[in-house]
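# An overview of the molecular structure
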Amino acid sequence: EPEVTQTPSHQVTQMGQEVILRCVPISNHLYFYWYRQILGQKVEFLVSFYNNEISEKSEIFDDQFSVERPDGSNFTLKIRSTKLEDSAMYFCASRKTSGGAGGELFFGEGSRLTVL
Amino acid sequence: AQSVTQLDSHVSVSEGTPVLLRCNYSSSYSPSLFWYVQHPNKGLQLLLKYTSAATLVKGINGFEAEFKKSETSFHLTKPSAHMSDAAEYFCVVRQEGSQGNLIFGKGTKLSVKP
């Protein structure tokens, strides 16, 4: 069964360092997402990506964050200068269909980021 | 604004007994609602979804949920719990007008006792 894969599963970094989280969405999917879950809090939407550009982003997704799909396969989330409050589990998701009812999001297993 | 409220942060049941995980939603239109499950160290897996078709929705692993507009509820049930059902369960609503953006509840941790 096709699945979304994420790497690394866990990354520890020093505050101020750049971090890149990688995701390989399901191959025929068109819509891509990043969500995050700070420990003990809700899963929160960060950004959606379609047709090689950001389609929507939340207030959390400030200038420190960026996404790209450099090679048509990987979908990356970059945090330029990490802060302590960026420590969270980051989930990548992908979706095959366009908007409207249905169109299930398939999630990866998450990348846990710990900022020291 | 749309939201979902999961009324219990933790539910504990005995194996073989029924499961009820409660969720209420807030939405000004007919929502798309989902239940996702997260097993330890695993990703989020879709259990079932409601998209304005039948109000009683059957999902995987014997779970089902009933959409009740009058009560703004979408509770998740299973007649008989298995040990393997122990996980965190999230009630989710699709954000209106978005391209699939989801709004998650806080989650309910289900424990199953032998």
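### Some remarks on the environment of B:Leu48
Residue and element names in this part refer to chain B. Examined against the element boundaries, Leu48 turns out to sit in strand S6 (residues 44-50). Take Leu48: its relative accessible area is 3%, and that puts it in the buried class. Taking the C-alpha atoms as reference points, Leu48 and Ser14, 34 residues apart in sequence, are found 23 Å from one another. Not counting chain neighbours up to four residues away, the residues in contact with Leu48 comprise Leu33, Phe34, Trp35, Val57, Lys58, Gly59, Phe63, Glu64, Ala65, Phe74 and Leu76.

### Description of the interface of chain B and chain A
The interface is formed by 22 residues belonging to chain B together with 22 residues belonging to chain A. Regarding the contact of chain B and chain A, the summed buried area is about 1,800 Å², with carbon and sulfur atoms giving 51% of it. Where chain B packs against chain A, one counts three residue pairs in polar contact (both at pLDDT 80 or more). Where the side of chain B that touches chain A is concerned, the elements lending two or more residues are strand S5 (33-38), S6, strand S10 (87-94) and strand S11 (102-104) of chain B. When residues in the side of chain B that touches chain A are grouped by element, the largest group, three residues, is from S6(B). Looking at the side of chain B that touches chain A, its residues break down into seven nonpolar, 11 polar and four charged.

### Regarding the state of the cysteines
Residue and element names in this part refer to chain A. Tallied over the entire structure, the rule returns two disulfides over all chains. Two residues, Cys23 and Cys92, share a disulfide whose sulfurs are 1.9 Å apart. Negative torsions about the S-S bond denote left-handed disulfides, and the value of about -65 degrees found for Cys23 with Cys92 makes this one left-handed. Of the two residues, Cys23 is situated in strand S3 (residues 19-24) and Cys92 in strand S9 (residues 88-95); the sequence distance between them amounts to 69 residues. Each member of the pair, Cys23 as well as Cys92, is classed as buried.

### Examining the side chain of B:Thr108
Residue and element names in this part refer to chain B. Inspection of the secondary structure puts Thr108 in strand S12 (residues 108-113). For Thr108, the side chain forms a polar contact with the side chain of Gln6, separated by 3.2 Å. Among the polar contacts listed, one links the side chain of Thr108 to the backbone oxygen of Asp8, at a separation of 2.5 Å. Not counting the four nearest positions on each side in its chain, Thr108 is found in contact with Gln6, Asp8, Ser9, His10, Val11, Leu21, Ala87, Glu88 and Tyr89.

### Description of the pattern of salt bridges
One pass over the structure, following the stated rule, counts five salt bridges over all chains. Measuring nitrogen to oxygen at the nearest pair gives 3.3 Å for the salt bridge that ties A:Glu44 to A:Arg36. The partly exposed category is assigned to A:Glu44, whose relative accessible area is 25%. We note a salt bridge from B:Asp8 to B:Arg22, for which the minimum N-O separation is 3.0 Å.

### So, the pairing of S3(A)
Residues and elements named next belong to chain A. Burial along S3 is one-sided: the face carrying Val19, Leu21 and Cys23 is buried and the face carrying Ile20, Arg22 and Val24 is not. Pairing between strand S1 (residues 5-7) and S3: three bridges, direction antiparallel. Looking at S3, one finds that Thr5 is bridged to Val24. As paired elements, S3 and strand S8 (residues 75-79) share five bridges and run antiparallel to each other. Counted as the bridge partner of Val19 is Ile79 from S8.

### Considerations on the sheet that holds strand S7 (residues 65-68) of chain A
Residues and elements named next belong to chain A. The strand order across the open sheet built from four strands is S1-S3-S8-S7, with neighbouring strands paired in antiparallel fashion. Of all strands in the sheet, those with a lone pairing partner are S1 and S7, marking the two edges. Strand-to-strand twist in this sheet, taken as the mean axis angle between neighbours without regard to direction, amounts to 15 degrees. Direction of pairing for S7 relative to S8: antiparallel, over a ladder of four bridges. Note on S8: the bridge partner recorded for Glu68 is Thr76.

So, how was this worked out
Residues numbered from 1 in each chain as written. Chains lettered and ligands numbered in written order. Predicted model: local features only at pLDDT ≥ 70, side-chain atom pairs only at ≥ 80, totals over all residues. Heavy atoms only, no water. Helix = DSSP H or I, 4+ residues; strand = E, 2+ residues; numbered from the N terminus. Buried < 20%, exposed > 50% of the residue type's maximum accessible area, 1.4 Å probe, protein only. Contact = heavy atoms within 4.5 Å. Buried area = accessible area lost by both parts, 1.4 Å probe. Polar contact = N/O pair within 3.5 Å; in protein donor to acceptor, adjacent residues only side chain to side chain. Nonpolar A, V, L, I, M, F, W, Y, C, P; charged D, E, K, R; others polar. Disulfide = S-S within 2.5 Å. Salt bridge = Lys/Arg side-chain N within 4 Å of Asp/Glu carboxyl O. Pairing = 2+ DSSP bridges. Axes fitted to C-alpha atoms, helices over the stretch in contact; angles between N-to-C directions.

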